[in-house]
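Okay, here's what each chain looks like letter by letter:
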Amino acid sequence: GRGLYFSSPANPSLGEGMELWYGLFTSAILGRSKIYLNVDVLHKAFPSAIPLLEYVKTLTRDGRVPQDIDRDRRMQMQIKEYLSMLSVQYRINRADPPKTFGFNGLVDSARRATFDDNGRQVTVENYFNRVKNVKLNFPNLPCLWVGSRNKKIYLPMEFCEIPAGQATNKKCTPNCVAQI
């Protein structure tokens with residue numbers, strides 16, 4: 001488009017995992033005898049570059065990560081809506097470079113979600129314990145289904161984060177609009 005947005009460490013938080021970015025809109029308009037340049041200021045809500053569990057905390061009343069959200073369909077729908085059309089970064093160790101995947105949906109918890117590992121059905125929790133040598137802190141939270149829709153790539157929420165600078169065309173919540 002013709003909008004140019006600027007990232008800054010001082011981007012104000014709008015809550016609900018969003019932050020305000022400022023930008024410029026430019027267009028050229030042909031007049032009778034000359035060309036006019038139109039420059040306007042823009043404001044847009046972008047998803048904050050935060051770990052996914054930080055966003056999940058904003059959905060709870062007490063500001064903590066819930067141990068189990070299987071029965072909370074409203075929270076699951078809010079997470080799906082927030083992540084739809086976004087990319088997700090995954091890394092176990094902060095020193096490693098992140099891998100970026102497109103988000104497809106939520107699946108069962110890491111304790112129950114299974115996939116085929118060399119002909120054996122294993123749970124995500126067992127796979128991370130055995131292969132990655134990592135004990136999950138939140139095995140009852142749903143896993144993210146990412147990557148190709150033809151593959152079963154399930155990632156625990158605790159290793160996922162939202163990368164910076166992803167523009168969305170989603171409608172802001174009334175709270176975000178009021179903050180803007």
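Residues numbered from 1 in each chain as written. Predicted model: local features only at pLDDT ≥ 70, side-chain atom pairs only at ≥ 80, totals over all residues. Heavy atoms only, no water.

A. Examining the overall build of the chain more closely. Looking only at helices and strands, the chain features four helices and eleven strands. Expected size for 180 residues packed as a compact globule is a radius of gyration near 16 Å; at 20 Å, the chain overshoots this value by more than 25%. Within the chain, the proportion of its 180 residues that are buried is 40%. Here the analysis covers contacts within the chain between residues at least 6 apart in sequence; of these, 56% occur between residues at least 24 apart. Surface accessibility of the chain: about 11100 Å² in total, with carbon and sulfur atoms responsible for 50%. (Helix = DSSP H or I, 4+ residues; strand = E, 2+ residues; numbered from the N terminus. Rg over C-alpha atoms; globule rule 2.2 N^0.38 Å. Buried < 20%, exposed > 50% of the residue type's maximum accessible area, 1.4 Å probe, protein only. Contact = heavy atoms within 4.5 Å. Areas by Shrake-Rupley, 256 points an atom, 1.4 Å probe, with all protein chains shown as cover.)

B. Layout of the pattern of salt bridges. Enumeration over the complete set of coordinates arrives at six salt bridges. The closest approach of N and O atoms between Glu54 and Lys57, which form a salt bridge, is 3.1 Å. Highlighted residues: Glu54 and Lys57, both in helix α1 (residues 52–58), separated by three residues, approximately one helical turn. A salt bridge links Asp117 to Arg130; its shortest N-O distance comes to 3.1 Å. Within this pair, whereas Asp117 is found in strand β7 (residues 114–117), its partner Arg130 is found in helix α3 (residues 124–130), the two being separated by 13 residues in sequence. Given the relative accessible area of 18%, Asp117 is considered buried. Three or more residues are tied together by salt bridges with common partners; here these are Arg91, Arg94 and Glu161. (Salt bridge = Lys/Arg side-chain N within 4 Å of Asp/Glu carboxyl O.)

C. The arrangement of helix α2 (residues 73–83) in detail. Within the sequence span of α2, burial applies to Met75, Gln76, Ile79, Tyr82 and Leu83. End-on view of α2: buried residues confined to an arc of 130 degrees, all on one side of the axis. Seen from the open side of α2, the exposed residues pointing more than 90 degrees away from its buried face are Arg73, Arg74, Met77 and Glu81. Packed against the buried residues of α2 are β3 (18–30), β4 (35–47), α1, β5 (87–90), β6 (99–109) and β9 (142–146). Following α2 by one or two positions, Met85 adopts a phi angle in the positive range, close to 70 degrees. (Arc of directions from axis to C-beta.)

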